Amino acid sequence: KQEVTQIPAALSVPEGENLVLNCSFTDSAIYNLQWFRQDPGKGLTSLLLIQSSQREQTSGRLNASLDKSSGRSTLYIAASQPGDSATYLCAVRDTDKLIFGTGTRLQVFP
Amino acid sequence: NAGVTQTPKFRILKIGQSMTLQCTQDMNHNYMYWYRQDPGMGLKLIYYSVGAGITDKGEVPNGYNVSRSTTEDFPLRLELAAPSQTSVYFCASSPSHGVPQHFGDGTRLSIL
């Protein structure tokens, strides 16, 4: 059974820092991996999607990498800003379902 | 650009009551999903649909039912509400499996 784990569970950093969020999964037979952002009281917003054949995707200050063989993905956020404060969730597509991690709650303080 | 719309936003139910959570999308997406999110946890798939008239169970379907009579609507029904169903429920849609899902803002449900 696919299990997705995110470390750390919470992170507090000063504005301007570069940071890395980690996601690991137990079964490497995935179709793709997605990173989402969730703001309090809101739904999820898709940030990046990496197909199983890809190694990384970039969008602005965000870069996500995927290493299927080791069952890991990282989300790199460059020059963090207070507006980046949110919960970040990763999810792997297992056949026709998304399996979510429990998220990393990020706080960026001025 | 409404996207995925969920109603109601909040609801309190008594044990044993029933209710329907509504979900509508205006993007003509074939795929629709219902998830629940418990505090401090990731989302778990309840049911999903790959098109009108087709539904299938996810990880945690017990206590729920769905129907998909149109492309736009995917209601989730709780027949006999139990305290364990207290959660935040999210509906999502996508045009296919390989692209990101669009999420609604959620329905916060408390069962007392």
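Let me sum up the structure you'll find in this document. (Residues numbered from 1 in each chain as written. Chains lettered and ligands numbered in written order. Predicted model: local features only at pLDDT ≥ 70, side-chain atom pairs only at ≥ 80, totals over all residues. Heavy atoms only, no water.)

Considerations on the overall build of chain B
Counting its secondary structure elements, chain B contains zero helices and 11 strands. Listed by position from the N terminus, the elements making up chain B come as β-β-β-β-β-β-β-β-β-β-β. Its C-alpha radius of gyration of 13 Å places chain B within 12% of the 13 Å reference for a compact globule of 112 residues. Along the first, second and third principal axes, the C-alpha set of chain B runs to 35 × 25 × 25 Å. The burial tally for chain B puts 45% of its 112 residues in the buried class. Expressed as a percentage of contacts within chain B between residues at least 6 apart in sequence, the contacts between residues at least 24 apart total 54%. In chain B, 9 side chains carry a positive charge and 8 a negative one; their mean positions are 9 Å apart. (Helix = DSSP H or I, 4+ residues; strand = E, 2+ residues; numbered from the N terminus. Rg over C-alpha atoms; globule rule 2.2 N^0.38 Å. Buried < 20%, exposed > 50% of the residue type's maximum accessible area, 1.4 Å probe, protein only. Contact = heavy atoms within 4.5 Å. Lys, Arg positive; Asp, Glu negative; His and termini not counted. Charge placed at Lys NZ, Arg CZ, Asp CG, Glu CD.)

Notes on the side chain of glutamine 38 of chain A
Structurally, the position occupied by glutamine 38 of chain A is in strand S4 (residues 32-38). The exposure class of glutamine 38 of chain A is buried, given its relative accessible area of 11%. One polar contact links the side chain of glutamine 38 of chain A to the main-chain carbonyl oxygen of lysine 42 of chain A, over a distance of 3.3 Å. When residues no more than four places from it in sequence are discounted, the contact partners of glutamine 38 of chain A are Gly43, Leu44, Ala86, Thr87 and Leu89 of chain A together with Gln37 and Phe90 of chain B. (Polar contact = N/O pair within 3.5 Å; in protein donor to acceptor, adjacent residues only side chain to side chain.)

Details of the sheet that holds strand S6 (residues 56-59) of chain A
Residues and elements named next belong to chain A. Pairing in this open sheet of five strands is antiparallel, and the strands run S1-S3-S8-S7-S6 from one edge to the other. The open sheet is flanked by strand S1 (4-7) and S6, the only strands paired with a single partner. Across the sheet, the axes of successive neighbouring strands diverge by a mean angle of 15°, strand direction being ignored. Alignment of strand S3 (residues 19-25) against strand S8 (residues 72-77), held across six bridges, turns out to be antiparallel. Residue pairing for S8: cysteine 23 is matched across the bridge by serine 73. (Pairing = 2+ DSSP bridges. Axes fitted to C-alpha atoms, helices over the stretch in contact; angles between N-to-C directions.)

Some points on the interface of chain A and chain B
A common way to report how large an interface is uses the accessible area buried once the components associate. Facing 20 residues of chain A, the contacting portion of chain B comprises 22 residues. Taking both partners together, chain A and chain B bury about 1600 Å²; carbon and sulfur atoms supply 54% of that area. As a salt-bridge pair, lysine 42 of chain A and aspartate 105 of chain B come within 3.9 Å of each other at their nearest N and O atoms. Taken together, the links from chain A to chain B amount to two residue pairs in polar contact (both at pLDDT 80 or more). Only S4, strand S5 (44-51), strand S9 (86-94) and strand S10 (97-100) of chain A provide two or more residues apiece to the side of chain A that touches chain B. Each residue belonging to the side of chain A that touches chain B can be placed in one class, and the counts come to seven nonpolar, nine polar and four charged. (Buried area = accessible area lost by both parts, 1.4 Å probe. Salt bridge = Lys/Arg side-chain N within 4 Å of Asp/Glu carboxyl O. Nonpolar A, V, L, I, M, F, W, Y, C, P; charged D, E, K, R; others polar.)

Concerning the layout of surface pockets
The volume enclosed by the largest pocket comes to roughly 400 Å³. What lines the largest pocket is a set of 20 residues, among which Gln38 and Thr87 of chain A together with Gln37, Gly40 and Met41 of chain B lie closest to the centre. Counting only elements with at least two residues in the lining of the largest pocket, the list comes to S9 and strand S11 (104-109) of chain A together with strand S9 (87-94) of chain B. Residues of the lining of the largest pocket, tallied by class, amount to seven nonpolar, eight polar and five charged. If you trace the second largest pocket, you find 13 residues lining it, with Val4, Ile99 and Phe100 of chain A together with Lys44 and Glu59 of chain B closest to the centre. Contributing elements (two or more residues each) for the lining of the second largest pocket: S10 of chain A together with strand S5 (43-51) of chain B. Residue classes in the lining of the second largest pocket are distributed as five nonpolar, four polar and four charged. (1 Å grid on protein atoms, 1.4 Å probe; cavity = no way out; pocket = protein on both sides within 12 Å on 5 of 7 lines; lining within 4 Å. Points joined across faces, edges and corners; volume = space filled by probe spheres on them.)

Some thoughts on the state of the cysteines
By definition, a disulfide links two cysteine residues through a covalent bond between their sulfur atoms. Residue and element names in this part refer to chain B. All chains considered together, the criterion is met by two disulfides over all chains. Across the disulfide from cysteine 23 sits cysteine 91; the S-S distance is 1.8 Å. The disulfide joining cysteine 23 to cysteine 91 has a torsion of about -70° about its S-S bond and is therefore left-handed. Placement of cysteine 23 in strand S3 (residues 19-25) and of cysteine 91 in strand S9 is noted, with a sequence separation of 68 residues between them. Taking the relative accessible area as the measure of exposure, cysteine 23 reaches 1% and is therefore buried. A relative accessible area of 0% places cysteine 91 in the buried class. (Disulfide = S-S within 2.5 Å.)

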